[in-house]
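Examining the three-dimensional arrangement
The lines below spell out each chain.
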Amino acid sequence: MDKKFDAQHLDVAAFARDAALLEGQVALSSMTRLWDERVAGSLQPGAVVWRLQGRLAPQAGGADQIWLDLQASVALPMQCQRCLTPVLETVQAERAFRFVADEATAAALDDEAEEDILVISRDLDALALIEDELILSLPLVALHEVCPLPVPMSSVDPDFQEAAERPNPFGVLAGLKSGRS
């Protein structure tokens, strides 16, 4: 009999023991923190597509390690920081998590381990974990490869030009001072 696993209430140990696989997609609007990162406009966001794979890794001289592999992606409308128009960014997250028995063990291993260490749970909200990973994977600066509008590369400010043409008052004072000596 196949076990049914729920991504919002995941028994991580049983999921890994069964080498189970869960995949699906959810509307971006259901992930409110990620939804808040988008820019409203004409570009439509995609659904969040995700995949979870549980596995046990044999450990010499000890119990098998519990792992959860996560993959997720979403097309997220963001604001191009060059031309300030919407750009559809593909945000992808791919992570492997190792689970340990308690917070103390996780804290002790966190500094020396390359992988992410989490505390085992019988009721893990994997969708919240997916949302966290996608937020961490957001680009620092969203940009079009080629902006749809020409981007001005200089600014012309008449007041700035006028100020640059006026003599520097300190220069005038220095000239007066050197003329008196």
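Here the structure is shown first, and the text comes after it.
Residues numbered from 1 in each chain as written. Predicted model: local features only at pLDDT ≥ 70, side-chain atom pairs only at ≥ 80, totals over all residues. Heavy atoms only, no water.

Notes on the overall build of the protein
In terms of helices and strands, the protein carries six helices and five strands. Ordering the α and β elements of the protein from the N terminus gives α-β-α-β-β-β-α-β-α-α-α. By the compact-globule yardstick of 16 Å for 181 residues, the protein is too spread out, its C-alpha radius of gyration being 27 Å. By its C-alpha atoms, the protein is 100 × 45 × 25 Å across when sized along the principal axes. Among the 181 residues that make up the protein, the fraction classed as buried is 31%. A fraction of 62% describes how many contacts in the protein between residues 6 or more apart in sequence connect residues 24 or more apart. (Helix = DSSP H or I, 4+ residues; strand = E, 2+ residues; numbered from the N terminus. Rg over C-alpha atoms; globule rule 2.2 N^0.38 Å. Buried < 20%, exposed > 50% of the residue type's maximum accessible area, 1.4 Å probe, protein only. Contact = heavy atoms within 4.5 Å.)

As for the packing of aromatic side chains
For any pair of aromatic rings, the description consists of the separation of the ring centres together with the inter-plane angle of the planes. Considering all chains together, one arrives at one aromatic pair under this definition. Consider the rings of Phe5 and Phe15, whose centres lie 5.1 Å apart with planes at 85 degrees: the pair is edge-to-face. Separated by ten residues along the polypeptide, Phe5 in the segment before helix 1 (12-17) and Phe15 in helix 1 bring together distant segments of the chain. Summarising the burial analysis for this pair, Phe5 and Phe15 share the class buried. (Phe/Tyr/Trp six-rings, centres within 6.5 Å; stacked < 30°, edge-to-face > 60°.)

Concerning the environment of Gly54
For Gly54, the position within the fold is in strand 2 (residues 48-57). For the pair Gly54 and Trp67, spaced 13 residues apart in the sequence, the C-alpha separation amounts to 5.9 Å. Apart from the residues lying within four places of it in its own chain, the contact partners of Gly54 are Phe15, Ala16, Ala19, Ala20, Trp67 and Leu68.

Examining the pattern of salt bridges
According to the stated counting rule, one finds eight salt bridges in the structure shown. Two residues, Arg122 and Asp11, come together in a salt bridge whose shortest N-O distance is 3.5 Å. A residue pair is termed long-range when its members are at least 10 positions apart, and Arg122 in the loop between strand 5 (116-119) and helix 4 (126-136) and Asp11 in the segment before helix 1 qualify at 111 residues. Overall, the relative accessible area of 68% leaves Arg122 in the exposed class. In this structure, the salt-bridge partner of Asp116 is Arg95, at a minimum N-O distance of 2.7 Å. Of the two residues, Asp116 is situated in strand 5 and Arg95 in strand 4 (residues 86-100); the sequence distance between them amounts to 21 residues. Judged by its relative accessible area of 27%, Asp116 is partly exposed. Overlapping salt bridges, with partners in common, bring together Arg33, Glu131 and Asp132 in one network. (Salt bridge = Lys/Arg side-chain N within 4 Å of Asp/Glu carboxyl O.)

Re helix 4
The set of residues buried in helix 4 consists of Ala126, Leu127, Leu129, Ile130, Glu131, Glu133 and Leu134. For helix 4, the secondary structure elements touched by its buried residues are strand 1 (21-26), helix 2 (32-35), strand 2, strand 3 (65-79), strand 4 and strand 5. For helix 4, the N-terminal cap is Asp125; the gap from its side-chain oxygen to the backbone nitrogen of Leu127 is 3.2 Å. (Polar contact = N/O pair within 3.5 Å; in protein donor to acceptor, adjacent residues only side chain to side chain.)

Notes on the pairing of strand 3
Alignment of strand 2 against strand 3, held across nine bridges, turns out to be antiparallel. Within strand 3, the position partnered with Arg51 by the bridge is Gln71. Of the pairings in the sheet, the one linking strand 3 to strand 4 comprises 14 bridges and is antiparallel in character. Looking at strand 4, one finds that Gln71 is bridged to Glu94. Hairpin connection from strand 3 to strand 4: six residues lie between these consecutive antiparallel strands, with Leu84 at a positive phi of about 65 degrees. (Pairing = 2+ DSSP bridges.)

Focus: the nonpolar core
Residues Leu34, Val48, Trp50, Leu52, Ile130 and Leu134 are the most contacted members of the largest nonpolar core, which totals 39 residues. Only helix 1, strand 1, strand 2, strand 3, strand 4 and helix 4 provide two or more residues apiece to this core. At seven residues, strand 3 tops the list of elements feeding residues into this core. (Core = buried A, V, L, I, M, F, W, Y, C linked by side-chain atoms within 4.5 Å.)

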